[in-house]
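# A look at the structure
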Amino acid sequence: EAEVAQSPRYKITEKSQAVAFWCDPISGHATLYWYRQILGQGPELLVQFQDESVVDDSQLPKDRFSAERLKGVDSTLKIQPAELGDSAMYLCASSRFGQDYGYTFGSGTRLTVV
Amino acid sequence: GENVEQHPSTLSVQEGDSAVIKCTYSDSASNYFPWYKQELGKRPQLIIDIRSNVGEKKDQRIAVTLNKTAKHFSLHITETQPEDSAVYFCAANSNTGGFKTIFGAGTRLFVKA
């Protein structure tokens, strides 16, 4: 079964440092999503890409977060500077057809900011 | 924009009993409602979904129902087993204020053997 690859699995960083997460979606999936999941809550959409274009980044804290998908395949999510409140699981998901169909999630990156 | 409410937050049932999780949504334009299961420390996985042109869908022990008029949908698990223990998330798509899928807060299901 095809999977969405994410790395690293775990990241501990000090506040004010920069951190980056990587995601490689399932081959052929044009739509890619970054979600943030705080412990005990549902995933919250940060950014959605269709190929290399951002479709929705209305919930992305753009003063410190950035995301790119330059060639329309893999994607990077960056936080600079990290804050204590950014501690969460960062999940990447992809979908062949978009947000009207189910997603395949990656295993996520658990970020701890100390 | 879309808002999805889910309840209960925690549900404990005896093995073999049924479990029902309910969700409501606010955006009448939403037309796709997936359900995800997340086991401890693992990724959410799609278990079943329903579209607005269908009132009910069943897959073995899992069924979903949708009431568009009332804007609520439910997950039904019959003959529960210990391996059904997990957090279940409902979700609804939204084309208002951007294209996104909005998740409920989750229901932690415990199935006691």
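Attention here is on the structure that accompanies the text. (Residues numbered from 1 in each chain as written. Chains lettered and ligands numbered in written order. Predicted model: local features only at pLDDT ≥ 70, side-chain atom pairs only at ≥ 80, totals over all residues. Heavy atoms only, no water.)

### A short note on the sheet that holds strand β7 (residues 65-68) of chain A
What holds strands together in a sheet is hydrogen bonding between their backbones, with the strands either parallel or antiparallel. All names here are of chain A. Using the following cut-off: Strand pairing follows a simple DSSP-based rule, namely that at least 2 bridges must link the two strands. Here a strand is any run of E in DSSP of at least two residues, a helix any run of H or I of at least four, and the numbering for each starts at the N terminus. Here, axes are lines fitted to C-alpha atoms. For helices the fit covers the stretch in contact, and angles between N-to-C directions go from 0 to 180 degrees.
Spatially, 4 strands are ordered β1-β3-β8-β7 in an open sheet, and the strand pairing comes out antiparallel. Two strands close off the open sheet at either side, each with one partner strand: β1 (5-7) and β7. Here the strands of the sheet are splayed against their neighbours by 15 degrees on average, with no regard to which way each runs. In the sheet, β1 pairs with strand β3 (residues 19-24) via 3 bridges, with the strands oriented antiparallel. Each residue of the ladder has a partner; that of Ala5, found in β3, is Asp24.

### Concerning the interface of chain B and chain A
Keep this limit in mind: Here, two residues are considered to be in contact whenever any of their heavy atoms come within 4.5 Å of each other. By buried area we mean the combined loss of accessible area, with a 1.4 Å probe, across both parts when two parts are placed together. Throughout this description, the term salt bridge denotes a Lys or Arg side-chain nitrogen within 4 Å of a carboxyl oxygen of Asp or Glu. All residues other than Ala, Val, Leu, Ile, Met, Phe, Trp, Tyr, Cys, Pro, Asp, Glu, Lys and Arg, Gly among them, are scored as polar; the first ten of these are nonpolar and the last four charged.
If you look at the interface, chain B gives 21 residues, while chain A gives 23 residues. Carbon and sulfur atoms make up 46% of the surface buried where chain B meets chain A, a total of about 1,700 Å² over both sides. The tally of links between chain B and chain A comes to 1 salt bridge. With a shortest N-O distance of 3.1 Å, Asp56 of chain A and Lys100 of chain B are connected by a salt bridge. Broken down by secondary-structure element, the contributors of at least two residues to the side of chain B that touches chain A are β4 (32-38), β5 (45-51), β9 (86-94) and β10 (100-103) of chain B. Taken together, the residues of the side of chain B that touches chain A sort by class into 8 nonpolar, 10 polar and 3 charged.

### Brief notes about the sheet that holds strand β6 (residues 56-59) of chain B
Residue and element names in this part refer to chain B. Strand order in the open sheet formed by 5 strands is β1-β3-β8-β7-β6, and the pairing between neighbours is antiparallel. The sheet terminates laterally at β1 (4-7) and β6, the two strands that pair on one side only. Each neighbouring strand pair of the sheet contributes to a mean axis angle of 15 degrees, computed without reference to strand direction. Of the strand pairs in this sheet, strand β3 (residues 19-25) and strand β8 (residues 72-77) are connected by 6 bridges, and their pairing is antiparallel. Looking across to β8, one finds that Lys22 is bridged to Ser74.

### Focus on the side chain of Ser30 of chain B
Residues and elements named next belong to chain B. Our working definition: Exposure classes here rest on a 1.4 Å probe applied to the protein chains alone. A residue is buried below 20% of its type maximum, exposed above 50%, and partly exposed in between.
Position of Ser30 relative to the elements: it lies in the loop between β3 and β4. Owing to a relative accessible area of 4%, Ser30 belongs among the buried residues under this scheme. Other than its neighbours up to four places away in sequence, Ser30 contacts Glu2, Tyr25, Ser52, Ala92, Asn93 and Ser94.

### Focus on the packing of aromatic side chains
Given two aromatic rings, their pairing is described by the distance between the two centres and the angle made by the two planes. We count it as follows: Pairing of aromatic side chains requires ring centres within 6.5 Å, counting the rings of Phe and Tyr and the six-membered ring of Trp. Pairs whose planes differ by under 30 degrees are stacked, by over 60 edge-to-face, and all others tilted. For a Lys NZ or an Arg CZ to count as sitting over a ring, it must be within 6 Å of the ring centre and within 35 degrees of the ring normal.
Taken as a whole and assessed by the stated rule, the structure comprises 16 aromatic pairs over all chains. Three or more aromatic residues joined by ring pairs form one cluster here, namely Tyr33, Tyr35, Tyr103 and Phe105 of chain A together with Tyr36 and Phe103 of chain B. Geometry around Tyr101 of chain A places Arg51 of chain B over its ring, the cationic atom sitting 4.4 Å from the centre.

### Let's talk about the state of the cysteines
Residues and elements named next belong to chain B. We count it as follows: In this description, a disulfide is simply a cysteine sulfur pair whose atoms lie within 2.5 Å.
For the structure on display, the rule yields 2 disulfides over all chains. Through a disulfide, Cys23 is tied to Cys90; the S-S separation comes to 2.0 Å. Judged by the sign of its S-S torsion, about -100 degrees, the bond between Cys23 and Cys90 is left-handed. Here Cys90 lies in strand β9 and Cys23 lies in strand β3, a separation of 67 residues in the sequence.

### Here's the deal with the pairing of strand β11 (residues 109-113) of chain A
Each regular strand carries side chains that alternate between the two faces of the sheet. Residue and element names in this part refer to chain A. Residues Thr109, Leu111 and Val113 point to one face of β11 and are all buried, whereas Arg110 and Thr112, pointing to the other face, are not buried. Pairing of strand β2 (residues 10-13) with β11 involves 4 bridges; the strand directions are parallel. Paired with Thr13 across the strands is Val113, a residue of β11.

### A few points about the pattern of salt bridges
All names here are of chain B. Per the counting criterion, the structure on display carries 9 salt bridges over all chains. Between Arg61 and Asp84 there is a salt bridge, and its shortest N-O distance comes to 2.9 Å. Remark: Asp84 occurs in the loop between β8 and β9 and Arg61 occurs in the loop between β6 and β7 (62-67); sequence separation between them is 23 residues.

### Things to note about the nonpolar core
Rule in force here: As used in this record, nonpolar core signifies buried Ala, Val, Leu, Ile, Met, Phe, Trp, Tyr and Cys residues forming a set joined through side-chain atoms within 4.5 Å.
If you look at the biggest cluster of nonpolar residues, it comprises 24 residues, and the most contacted ones within it are Trp35, Phe73, Leu75 and Leu109 of chain B. For this core, the secondary-structure elements that each account for two or more residues are β2 (10-14), β3, β4, β5, β7, β8, β9 and β11 (107-112) of chain B. If sequence neighbours within four positions are ignored, Phe73 of chain B has contacts with Ile21, Lys22, Cys23, Tyr25, Phe33, Trp35, Thr65, Leu66, Cys90 and Ala91 of chain B. Judged by nonpolar contacts, the second largest core, of 20 residues, contains Val4, Val19, Leu46 and Phe49 of chain A.

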